[in-house]
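# A look at the structure
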Amino acid sequence: MATSNSSTLHKQDVSLEPTELIKADKTPPAFGHDMHSIFMLDPDFTALNNGSYGTLPRPVLAACDALTARIESSPDRFMKLDMPGILSDARRRVAEFVKAEHDEIVLVPNASHAFATILSNFEWEKGDVLLGATTTYSSFGTTLEYLSDKHPHPTIETFELLFPTSHAQILADWRAFIARIAAAHPRTSASSSDGPTQKGFKFGERKIVAVIDSIVSNPGVLLPWKEMVSVCAEYGVWSLVDGAHSLGQEMDLDLGKDKPDFWLSNCHKWLSAKRGCAAMYVPRRNQHVVRSPIPTPAVYKSLQGEGYDGPQDFALLFEWTGTVDYVPLLSIAPALDFRRWLGGENRINAYCHTLALRGGTVLARELGTSFLQSTSASPNNIDEFTLNMVNVELPIDGDIEETAEIKDILIHTLIAEHGVYAAHFRHNRRWWARASAQIWNEESDFVKLARALKAASNRVQKHAGREPH
């Protein structure tokens, strides 16, 4: 399949020079608070919520500023000559990172954009089914509801996922759930042994699409998503993996081996790219499904058009969908250069993972609670759910409902009064905080967070007419 850099217009020098801050002769600071020198973090604020928005490093910002200046010096030259090749290189580097083919990765503004693009391209029919979970990201869940509200009204089935649990239990429950749904919605044609992509788009005149988190947002836990994808394939169910937190946090991704039908991930959360930027994986076998980006580009070829000659160049479809700021998408290359300068993915994630476990222990001790771990945990698998985010129970009565007022109390107390923040949520009738460990954090940050969470929890208890714990 031809890719978007096949045009003679794309044979330009598209290299992006490394910034002065990360040249080979410069040594990076030590992980921990020394890292504040290469981030723009407020020295009076302790950031423990990287999982929500990410934080741009100074070297990547410098590269983005240089790229912006290059674009503004000659927008015509950049958009028509330079951009396609640089964009193709960014896609290539992401593809190598996740072990996919170059023409199977495209870049979009964020994970939500990718999610909507994939599902809006399905030709839904009566009897089709959308599978979500009780932990599906909120706007993804409402996207499923929106699709179900539209003709022909595909139905929604929900997988109950409650923590604490274990990977083994999740897989057993998932298999039973998928088996039940598949039995209730049998194929009206095509052999039940054929995988979801082997019989073409219509998939036996019924489609079941399962949304699977690789790493749940709240609570921030790793799921056995690869095995869940395999179960989907076994039962002829399409798998759409929400990997919004994966790039830069989940090690050794191999999409070619694990074979999700669709996969997406943000690049601005953990991969250090500029906000907003996301990667969308659509393997060649499924590119006939995703026929148009949102919005539809001028290069789209109608199936009914005169001279239609077969499948389109998938990457070219996503190259230009209207005038946008391409800097966030093109920041992937300097972000990956930055991470390599720091010592690479193994070193970065080893520090963050170890700190997440230690920080969780600190939070649980200071709050008098516990951090979320597998119910089958042992010294060997205590971190089954934990990568770089740790979830710790808050001393708030579980029957207190989550309201806008309580959210405001927590946010104001943490940010405005204590200068620290971590995500907070209610799950399975318990209140939790999700702290993201990053290379600029140390254990002392978790002590500060614990004190703020204690004060905030006490305030919530009093607001509800309860005694503080």
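Predicted model only: the values in this text are computed from it and were never measured. (Residues numbered from 1 in each chain as written. Predicted model: local features only at pLDDT ≥ 70, side-chain atom pairs only at ≥ 80, totals over all residues. Heavy atoms only, no water.)

With respect to the helices and strands, Val324 occurs in the loop between helix H9 (314–317) and helix H10 (327–330). In this structure the C-alpha to C-alpha distance between Val324 and Pro109, which are 215 residues apart in sequence, comes to 9.6 Å. (Helix = DSSP H or I, 4+ residues; strand = E, 2+ residues; numbered from the N terminus.)

Here we come to the layout of surface pockets. To locate leftover empty space, one rolls a probe as large as a water molecule over the atoms. One number sums up the size of the largest pocket: a volume of about 1,100 Å³. Along its surface, the largest pocket is lined by 43 residues, and Tyr137, Ser138, Ser217, Asn218 and Arg434 are the ones closest to its centre. Put simply, the parts of the chain that give the lining of the largest pocket at least two residues each are helix H1 (50–53), helix H4 (111–120), strand S3 (129–133), helix H5 (138–149), strand S4 (155–159), helix H13 (404–417) and strand S11 (423–427). Class assignment for the residues of the lining of the largest pocket results in 14 nonpolar, 20 polar and 9 charged. (1 Å grid on protein atoms, 1.4 Å probe; cavity = no way out; pocket = protein on both sides within 12 Å on 5 of 7 lines; lining within 4 Å. Points joined across faces, edges and corners; volume = space filled by probe spheres on them. Nonpolar A, V, L, I, M, F, W, Y, C, P; charged D, E, K, R; others polar.)

Now for the sheet that holds S4. With respect to topology, 7 strands assemble into an open sheet ordered S2-S8-S7-S6-S5-S3-S4, the strand pairing being mixed. Each having just a single partner strand, strand S2 (105–108) and S4 make up the two edges of the open sheet. Neighbour-to-neighbour, the strand axes of the sheet open up by a mean angle of 20 degrees, direction not taken into account. Here strand S5 (residues 208–213) pairs with strand S6 (residues 238–242) via 5 bridges, running parallel. Bridge pairing in S6 links Ile212 to Val241. (Pairing = 2+ DSSP bridges. Axes fitted to C-alpha atoms, helices over the stretch in contact; angles between N-to-C directions.)

Over its 16 residues, helix H2 (residues 58–73) extends 22 Å from the first C-alpha to the last, a length consistent with the 22 Å expected when each residue adds 1.5 Å. Within H2, burial applies to Pro59, Val60, Ala63, Cys64, Leu67 and Ile71. For H2, the angular spread of the buried residues around the axis is 140 degrees, confining them to a single face. Elements that come into contact with the buried residues of H2 comprise helix H3 (75–98), H10 and helix H11 (332–342). (Expected span 1.5 Å × (residues − 1). Buried < 20%, exposed > 50% of the residue type's maximum accessible area, 1.4 Å probe, protein only. Arc of directions from axis to C-beta. Contact = heavy atoms within 4.5 Å.)

The end-to-end C-alpha distance of helix H14 (residues 443–463) is 30 Å, a good match for the 30 Å that 21 residues give at a rise of 1.5 Å each. Of all the residues in H14, the buried ones are Asp445, Phe446, Leu449, Ala450, Ala452, Leu453, Ala456, Ser457, Val460 and Gln461. One or two residues past the end of H14 sits Gly465, with phi positive at roughly 80 degrees.

Overall, the predicted model of the protein reaches an average pLDDT of 91, with 89% of residues at or above 70. pLDDT under 50 marks residues 1–14. Its contacts with residues more than four places away, or in other chains, come to 28 contacts. pLDDT under 50 marks residues 190–201. Its contacts with residues more than four places away, or in other chains, come to 29 contacts. (pLDDT = per-residue confidence, 0-100.)

Quick look at the packing of aromatic side chains now. Per the counting criterion, the structure on display carries 16 aromatic pairs. Measuring from ring centre to ring centre gives 5.0 Å for Phe122 and Trp124, while their planes differ by 20 degrees; the resulting arrangement is stacked. Its relative accessible area of 14% is what places Trp124 among the buried residues. A centroid spacing of 5.8 Å and a plane angle of 70 degrees characterise the contact between Phe122 and Phe262, whose relative ring orientation is edge-to-face. Residue Phe122 is found in the loop between H4 and S3, and its partner Phe262 is found in strand S7 (residues 262–266); the two are separated by 140 residues along the sequence. Joined through ring pairs, the aromatic side chains of Phe39, Phe338, Trp341 and Trp440 make up one cluster. (Phe/Tyr/Trp six-rings, centres within 6.5 Å; stacked < 30°, edge-to-face > 60°.)

Moving on, we get to the sheet that holds S11. The strand order S9-S12-S11 describes an open sheet built from 3 strands, whose pairing is antiparallel. A strand with exactly one partner marks an edge of an open sheet, and here the two such strands are strand S9 (389–393) and S11. Neighbour to neighbour, the strand axes of the sheet diverge by 30 degrees on average, direction disregarded. Relative to strand S12 (residues 430–436), S11 is paired through 5 bridges, and the arrangement is antiparallel. The partner of Ala423 across the bridge, within S12, is Arg434. Along the sheet, helix H12 (residues 345–367) makes contact with S9 and S12, crossing S9 at roughly 15 degrees.

With 4 of 5 residues buried, S11 is to be regarded as a mostly interior element. In sequence, S11 turns back onto S12 through a hairpin of 2 residues, with Asn428 there showing a positive phi of about 55 degrees.

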